[in-house]
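Take a look at the letters that make up each chain.
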Amino acid sequence: MKCRSVACIWSGTPPSHRVTATAVLDQPPTLYTGGSDGSIIWWNLSSDDSNPEFKPIAMLCGHAAPIAELDICNPAVASESDKTCLTSNFKSDSSCDNYGALISACTDGILCVWSKSSGHCRRRRKLPPWVGTPSMVRTFPSKPRYVCIACCFVETVHLSDHHSVDSIEAGDVSADTESYNKKGSKCTVVIVDTYTLTIVQTVYHGNLSIGSLRFMAVVSSTKDKEKHSVVISDACGRLQMVSIKKNLQEDRESGTGLPSNSQTEMVVWAERVSEGRQVISIATCGNLIAFILQECCVFRLLDSGSTVGEICFGENFHCIDSIQSHDVGGMFIKGADTIDMLNIEEPNGMWTKQFAVWNNTGHSTVFLISYSEDGFTSQPLCEIPATSHPSDLKSTCFTQLNSYILRIESICINAEEPLQWKPIVTINLLSEKHVDNGKLCLMRGPGASFGDWTKCYNSVHGGTEIEQSSGHCSVSSSRSASVKYTENNYKVVNKQRIVSSSMVIAETFFAPYAVVYGLVSGEIEVVRFDVFEGLSVCGSPRHEVNSHLSKQIFSGHTGAILCLAAHQMVGTAKGLSFNRVLVSGSRDCTVRIWDLDTGNIITVMHQHVAPVRQIILPPTHTERPWCDCFLSVGEDSCVSLASFETLRVERMFPGHPKYPSKVVWDGIRGYVACLCPNHSGTLDSSDMLYLWDVKTGARERVIRGTAAHSMFDHFCKGISMNSISGTILNENTSVSSLILPTIEDGSSSRSHLNNLETWVTLPTIKNKPNTLQGQVSKGNVGDSTPLIIQSKKHAIKCSCPFPGIATLSFDLASLMFCYQKHNSIANGNDNQDRNNVSKQSSETSSPHHISTKNSPDVHGTLTDSIIELDWIASLEECLLRFSLSFLHLWNVDPELDYLLLTEMKLKRPDNFILASGLEGDKGSLTLTFPELSSMLELWKTSSEFCAMRSLTMVSLAQRMISLSHASSSASSALAAFYTRNFADKFPDIKPPLLQLLVSFWQDESEHIRMAARTLFHCAASRAIPLPLCSPKATNHAKVKSPNGPKENVIENSNEVEETSGYMLDTELVPDTGISEVERSNIHAWLESFEMQDWISCVGGTSQDAMTSHIIVAAALAIWYPSLVKSSVPMLVVHPLMKLVMAMNDKYSSTAAELLAEGMETTWKPCIGSEIPRLIGDIFFQIECVSGPSANVAAQKSAVPAAIRQTLAGVLLPSLAMADVPGFLTVIESQVWSTASDSPVHLVSLMTLIRIVRSSSKSLAQYLDKVVNFILLTVDPSNSVMRKTCYQSSMTALKEVVHAFPMVALNESWTRLAVGDVIGEIANATIRVYDMQSVTKIKVLDASGPPGLPTLLSAASETVVATAISALTFSPNGEGLVAFSEHGLMIRWWSLGSVWWEKISRNLVPVQCTKLIFVPPWEGFSPNSSRSSIMASVLGHDKQVNFMDNLKAVSHADNLKLLIHNLDLSYRLEWVGERKVLLSRHGSELGTFQL
């Protein structure tokens, strides 16, 4: 499991966002807008009904190409009852609120499914290249899990649907376009399952019978609602309908390829809507389709193709304020009571609809259209006035959200390249109020756009400008002035401050070094983080933390900076001395190389004649001299290879037909792969992959079509597997990681680890420099060899998905085990020492493992090791402080902020515009906007984000306590804030998701495990899943929630458990008879694996989803039984047992611990009869895991050993104590059914030892079976078992003798005596064993002296009572003394010293040779459990009454009472030749002469 927390750094300029697609979600009211750069903005409607306003919450980053379409889907439907609420997005129900999601498609074929609660990407996948370019996405009305995607193969993809976001100028229809529309274009229509993003059916693939694809919709037949068809239209209004198979997954199940179009039912209407006029947009509603043209709107019926009516727009509609306009879109208005307008068929052929149409100025008119026997009529109802923005610099679309009509405009605030677009959302309310003219009035709400966060940026950064000059840079610690951005004046924007490219320079294996911004003005701005500022080196005092950031400005380019890269030199350049270089490509067609340390320009290259778009650095393990080279990609379709050492262009790779948008460098194979898109619009168009040999510069191969994409993905996978960071691109580049395919983490994580460890341990490359070594050398550490730090993973990964947006992804597991010093081994024992280091680093809990260097001239002393260890601890402490500084939510708790700044010495990142984020599938990101309200919105909507961020902060705080005791109070306050205080301040935030927390209960780090369990307990009462929640918990939450902050939630829940522990079984009796519906709901929840957003957050699987549900239900049933339904334990116990036996490395240990912890109180009543079988299954697992056949597997993985330890050390003792006779029966059978050297016998003995130590009274009545089993394991006749178990058996026997005074060994350990603990008075015995032969040699009669029982009543002879209380052998071992509390007597037996008595095996009970009555001592009083013979003889009334009452008590109850009151503190000791001392609880009771 991975837990990654994302911090986002925004630039001073709001991002450019030109809307190309929109989608709305009714519950909660949400708007999504897709942009031309691939970004998606998530807008939420404010809760203020009097002044509704849309606020941007987050940016969804998963695409690097223009968004073609957005739509709402439901990746999974849990049950049939939920389908009713999922058939329409216009009605919502609480039972299906968690199922909604957003699906997005961009022009490069990437599909993403986004969660509606957290906004994170659940799944990201690329369509196969044969499909084409996605153009439109439509969700199935009756099956919202599936979407229909229409793809085309033309160069210009229409990024508009019936909302028409693009402005289309009037009269654009050229002769070429007209002729092209007459031809059949290639098109593909596929059905995709949004849960897996796989194609389940290909509806159409081939050339259309009409013109090029313009519009697509999914409609149902008027006769058969289950039958659906795809309606395809061209720009002339000609239609083609293709039927869809009812079984959507028929193609997948049958395994067929592309379907033949001749087998598909198709209907074609080739009639144009209007000659010479182009269709701008199309809208459908049931059987009605509307064609929006530039001056009119035509309505037709789909089933017949006949024209119903037409609306002609007057001149006033197209000429507003002397501005010529034209229609750009239209849509049908859905009423508040409409369930599914797409499938409603009006009776008697009559219908009435509302239809809205708008033009390019933003003016919209709503018409009331009706059709009856009298014909078609239309009349305007209301209007939305146009905006005053110039129409040539904006695009407009409308959409409906419940009772609101939303106008989404994209305003160009910078007319020069690059264009800067700003979205504005205006709310218009459909009101029922009438005005004088009889038209409905539309109440206009305020326009909403990006928040003006630059005001805060200005207040922090001040107005000091930085001096700069051409060709070099100046360094200053002052803060630069940012742009003042006003919302009302769209032209006010400082072009010089617009960011055109950006990147984060990362330290190798350590932390980010700086953020680099390339500006439109041609300047480059470098802002350092100074993570290691004040880091003590070799024990020197830590410097005072400086709040200022050093900043550099590089000037020299005359055009916008389009690409950046930073490189660490391996070799040296001739005649120059520079270590770190910055490479920049610009619109001025030049490539400049800068010295990153001094800021001086090194050289200017002119190998391109067009703007330079990409800089590609060499990947890991690239050999010299190519490791000090770089690739530059220009819009002139050329790729060049230049050297940092020679400062010249070494290779040119020309001849690409198009600009190669995707270029990768395989350093190991020595190839450069350039993928060129070729969407020429012809039917045989295909993408082309060019492969170049780096060494020779020759073109090796050209691959076309789908094979080009397959080969390119193969190259990317190979580069990723050999990369230290696990990415295709080097992190120090501005190329967006969203452009290239992302390789799954699991496929190459092991290779990443192996490569990383090899890099830091191989002596051949041990001198590879890194940026931190410069700081290390200042402290004279490692003067002879550089200090190389070993790390398993990158703790902080950096990326820039879009220009001006930098992200830092903090990996919690890597931060817990950050870095450890490791010097390269110079002797011949390199491999052995390297393995030892790996073994020690995996076994130790501390990350500060140090390997000493075995060098003939340098020997590490103990002092040096301690100093270096302290330095590494300081390094880790700096990283933790840096992580906390960027992940903490500042300005929420001022007292905590002050504590963190003063005690923990955190550096508040006031110089950055920070926001939160969430990492999704395959590198996708969800980044909130830098406003406190936006960041809090993520806390209020996403329980997954709350769990991951809280887990990260609490774990880091606990780790800081272990590293720095001086900051323990601040760390504790920080942990308390994210555990409880944050929820007190904001009661409406979501509680952490319990399923996500339990997935970290078995993490490698102790701090993460503790944090996950702490958060679970703090959130349990507020986060109980609805299927498990009892009515009492619901009422408890209702009572607590109105009172504001939920203080003492856990304490209150515990009080409910303690005060009403029996109420659960009495008052809630009806709940025990749970209905079948509730039972099925609980079962469905336990077995569900779909709709789990948190799975994609932590990189889990569907198995993780199911097992986490079981763990959560079991934990709640044990710890909070009053808050869950009483039937939950019965329903969850068997899945919990199966999970234990599944030997799952993530959850089986946790399941075993829960099963053990709740065995007595929760699980025993449910599985009492199944405990012996479960014990047998555990022994079978132990035999399989630990047997000889499992030795090979055990060497490869430590997981079985850990699970075995939990089974044997935790669960088995709990099961044994729950059913002692069943356990003893099983272990006795194991002696005969398993191998003599099986580890099962050792586990059985160790379990016995645990029971004897923890609950010896539970073994009292089975003491004879316990001793017999121990003796069986040391039977001389089985030498193998005796050799295997002898030591453990003797330890177990010693524990039994120590715990039970009625078991004794003589001093020479040759004889063993075992007396009856509890038995009938007339049948009590003592067995004597010979330890050498392990056989029984005598049976002693302990029933009483001859004649004494006749003094008692007849009933007393059969009463069950305490038989033997203490035993001891005489010093010579020939005699045995026993004390019985029942009767207060001491008896003596002579075991025989004559030779014939020793060899005899006479097992007839032997009477005692002497009897002594012990007088009652002070304070002795026979109670209900101690029926003394003396009290019976004396005839006390109390005892007589007890005997009478004893008859009415059952045998089982009497036995339980005796065991409960059993006294095991009596001891007999020899104090003389014939004297014994009787003691109880260490107090002497008397000395008796035998």
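As the structure is a prediction and not an experimental result, all values here were calculated from the model. (Residues numbered from 1 in each chain as written. Predicted model: local features only at pLDDT ≥ 70, side-chain atom pairs only at ≥ 80, totals over all residues. Heavy atoms only, no water.)

Chemist: For this particular structure, what's the right way to read the overall build of the protein?
Modeler: Along its length, the protein carries 38 helices and 67 strands. Buried positions account for 58% of the 1490 residues belonging to the protein. If you take every contact in the protein between residues at least 6 apart in sequence, the share linking residues at least 24 apart comes to 64%. Summed over its atoms, the accessible surface of the protein is roughly 59,300 Å², and 51% of this surface lies on carbon and sulfur atoms. (Helix = DSSP H or I, 4+ residues; strand = E, 2+ residues; numbered from the N terminus. Buried < 20%, exposed > 50% of the residue type's maximum accessible area, 1.4 Å probe, protein only. Contact = heavy atoms within 4.5 Å. Areas by Shrake-Rupley, 256 points an atom, 1.4 Å probe, with all protein chains shown as cover.)

Chemist: Would you explain the packing of aromatic side chains in this entry?
Modeler: Within a pair of aromatic rings, the relevant descriptors are the distance that separates the centres and the angle that separates the planes. Using the criterion set out here, one finds 29 aromatic pairs in the structure. Here the aromatic rings of phenylalanine 299 and phenylalanine 376 are separated by 5.4 Å at their centres, their planes lie at 35°, and the arrangement is tilted. One end of the pair, phenylalanine 299, is in strand 20 (residues 296-301); the other, phenylalanine 376, is in strand 27 (residues 375-384), with 77 residues separating them in the sequence. An identical accessibility class is assigned to phenylalanine 299 and phenylalanine 376; each is buried. (Phe/Tyr/Trp six-rings, centres within 6.5 Å; stacked < 30°, edge-to-face > 60°.)

Chemist: Before we go on, may I ask you to explain the sheet that holds strand 56 (residues 1311-1315) in this structure?
Modeler: In a beta sheet, neighbouring strands pair by backbone hydrogen bonds and run either parallel or antiparallel. Strand order across the open sheet formed by four strands is 55-56-58-59, with antiparallel pairing between neighbours. Whereas interior strands pair on both sides, the edge strands pair on one side only; in this sheet they are strand 55 (1303-1305) and strand 59 (1335-1341). Taking the axes of each pair of neighbouring strands and ignoring which way they run, one obtains an average angle of 20° across the sheet. Sheet topology note: the strand 56/strand 58 (residues 1325-1330) ladder contains five bridges and is antiparallel. Note on strand 58: the bridge partner recorded for arginine 1311 is aspartate 1330. (Pairing = 2+ DSSP bridges. Axes fitted to C-alpha atoms, helices over the stretch in contact; angles between N-to-C directions.)

Chemist: How do you make sense of the sheet that holds strand 18 (residues 281-285) when you look at a structure like this?
Modeler: With antiparallel pairing, the four strands of this open sheet are ordered in space as 18-19-20-21. Both edges of this open sheet fall to strand 18 and strand 21 (307-312), since each of them pairs with a single strand only. Each strand axis lies, on average, 15° off the axis of its neighbour in the sheet, ignoring direction. Examined bridge by bridge, strand 20 and strand 21 share five bridges and lie antiparallel to one another. Among the inter-strand pairings, arginine 300 is bridged to a residue of strand 21, identified as threonine 307.

Chemist: What is the right way to read the side chain of glutamine 995 from this model?
Modeler: Mapped onto the secondary structure, glutamine 995 falls in helix 16 (residues 994-998). A polar contact of 3.4 Å, which involves the side chain of glutamine 995, links it to the side chain of histidine 1109. Filtering out sequence-adjacent residues up to four positions away, glutamine 995 remains in contact with Trp1085, Trp1094, Ser1108, His1109 and Val1112. (Polar contact = N/O pair within 3.5 Å; in protein donor to acceptor, adjacent residues only side chain to side chain.)

Chemist: Would you mind going over the environment of histidine 621 with me for this structure?
Modeler: Residue position: histidine 621 is located in the loop between strand 41 (612-616) and strand 42 (629-634). Each C-alpha atom of the pair histidine 621 and glycine 667 lies 6.8 Å from the other, and the pair is 46 residues apart in sequence.

Chemist: What exactly am I supposed to notice about the pattern of salt bridges here?
Modeler: Counting across every chain of the model gives 24 salt bridges. The shortest N-O distance in the salt bridge between aspartate 988 and lysine 940 comes to 3.4 Å. Separated by 48 residues along the polypeptide, aspartate 988 in the loop between helix 15 (968-985) and helix 16 and lysine 940 in helix 13 (residues 932-941) bring together distant segments of the chain. On the basis of relative accessibility, which here comes to 45%, the residue aspartate 988 falls in the partly exposed class. The exposure class assigned to lysine 940 is partly exposed, which follows from its relative accessible area of 29%. Because the salt bridges share partners, they merge into one network encompassing Arg4, Asp811 and Glu919. (Salt bridge = Lys/Arg side-chain N within 4 Å of Asp/Glu carboxyl O.)

Chemist: Could you clarify how one ought to interpret helix 33 (residues 1263-1273) in this entry?
Modeler: All of the buried residues in helix 33 are Leu1263, Val1266, Val1267, Phe1269, Ile1270, Leu1271 and Thr1273. Where helix 33 is buried, its residues touch helix 31 (1220-1233), helix 32 (1239-1254), helix 34 (1279-1299), strand 55, strand 56 and strand 58.

Chemist: When you look at helix 13 in this model, what are you seeing that I'm missing?
Modeler: Residues spaced three or four apart along an α-helix point in a common direction, a consequence of the helix completing one turn every 3.6 residues. Every buried residue of helix 13 is listed here: Ser934, Met935, Leu936, Leu938, Trp939 and Thr941. On its buried face, helix 13 sits against strand 4 (39-45), strand 5 (54-61), strand 53 (913-919), strand 54 (925-928), helix 14 (943-963) and helix 15.

Chemist: When you look at the side chain of serine 1030 in this model, what are you seeing that I'm missing?
Modeler: Relative to the elements of secondary structure, serine 1030 occurs in the loop between helix 17 (1006-1019) and helix 18 (1031-1040). Those residues within four positions of serine 1030 in sequence are excluded, and the remaining contacts are Ser1122, Leu1123, Val1124 and Lys1125.

Chemist: Help me out: how do you make sense of the packing of helix 13 against helix 14 in this one?
Modeler: The geometry of a pair of packed helices is captured by two quantities: the angle between their axes and the separation between those axes. Running from N to C, helix 13 and helix 14 cross one another at 105°; their axes reach a closest spacing of 5 Å. On the basis of the axis angle, helix 13 is roughly perpendicular to helix 14. Across from Leu938, Trp939 and Thr941 in helix 13, the residues of helix 14 making contact are Ser943, Phe945, Cys946, Arg949 and Ser950. For the contact of helix 13 with helix 14, a count of residues per class yields four nonpolar, three polar and one charged. (Parallel < 35°, antiparallel > 145°, perpendicular 65-115°, else oblique. Nonpolar A, V, L, I, M, F, W, Y, C, P; charged D, E, K, R; others polar.)

Chemist: For this particular structure, what's the right way to read the pairing of strand 24 (residues 327-333)?
Modeler: Looking down a regular strand, the side chains alternate between one sheet face and the other. The element strand 24 is extensively covered by neighbouring structure, given that seven of its seven residues are classed as buried. Looking at chain direction, strand 24 and strand 25 (residues 351-359) are connected through six bridges and run antiparallel. For phenylalanine 332, the partnering residue across the bridge sits in strand 25 and is phenylalanine 355.

Chemist: It is not clear to me how the pairing of strand 14 (residues 215-220) should be interpreted in this structure. Could you clarify?
Modeler: Here strand 14 lies mainly inside the structure; six of its six residues are buried. Alternating residues of strand 14 divide into Phe215, Ala217 and Val219 and Met216, Val218 and Ser220, and every residue in both groups is buried. As paired strands, strand 14 and strand 15 (residues 228-233) are joined by six bridges and run antiparallel to one another. Each residue of the ladder has a partner; that of phenylalanine 215, found in strand 15, is serine 233.

Chemist: Which parts of the structure should I look at to understand the environment of leucine 918?
Modeler: Locating leucine 918 in the fold gives a position in strand 53. Sequence separation between leucine 918 and glutamate 944 is 26 residues; the distance between their C-alpha atoms is 9.4 Å. What leucine 918 contacts, discounting residues up to four positions off in sequence, is Val6, Ser118, His120, Ser924, Leu925, Thr926, Phe945, Met948 and Cys1097.

Chemist: How should the environment of tryptophan 1163 be read in this particular structure?
Modeler: Considering the arrangement of structural elements, one finds tryptophan 1163 in helix 27 (residues 1159-1167). The spacing of tryptophan 1163 and methionine 1130 is 33 residues in sequence and 7.8 Å in space, taken between C-alpha atoms. Once you skip the residues sitting within four places of it in the chain, tryptophan 1163 turns out to touch Ala1114, Ala1117, Ile1118, Pro1129, Val1132, Val1133, Leu1136, Leu1154, Leu1155 and Gly1158.

Chemist: Can you walk me through the confidence of the model for the protein in this structure?
Modeler: The predicted coordinates ought not to be read in detail in places where the model reports low pLDDT. Here the protein shows a mean pLDDT of 76. Residues at 70 or above account for 70%. For residues 456-492, every residue scores under 50 in pLDDT, and the model assigns this stretch 98 contacts once sequence neighbours within four places are set aside. Across residues 1189-1199 the pLDDT falls below 50, and counting only partners more than four positions away or on other chains, this stretch makes five contacts in the model. (pLDDT = per-residue confidence, 0-100.)

Chemist: Help me understand unusual backbone geometry, please; the structure alone is not making it clear to me.
Modeler: Peptide bonds are trans in most cases, and residues, glycine excluded, mostly fall at negative phi. Here the residue pair glutamine 27 and proline 28 is connected by a cis peptide bond, since its omega of -10° sits within 30 degrees of zero. If you trace the backbone, proline 28 turns up in the loop between strand 2 (19-25) and strand 3 (30-35). The linkage connecting arginine 624 with the following residue, proline 625, adopts the cis geometry, with an omega of 5°. Within the secondary structure layout, proline 625 lies in the loop between strand 41 and strand 42. Its identity as a non-glycine residue notwithstanding, leucine 197 has a phi of 55°, on the positive side. Position of leucine 197 among the secondary structure elements: in the loop between strand 12 (186-193) and strand 13 (198-207). The exposure class assigned to leucine 197 is buried, which follows from its relative accessible area of 3%. Its identity is not glycine, yet leucine 1384 carries a phi of approximately 50°, on the positive side. In this structure, leucine 1384 sits in the loop between strand 62 (1375-1380) and strand 63 (1385-1390). Take leucine 1384: its relative accessible area is 2%, and that puts it in the buried class.

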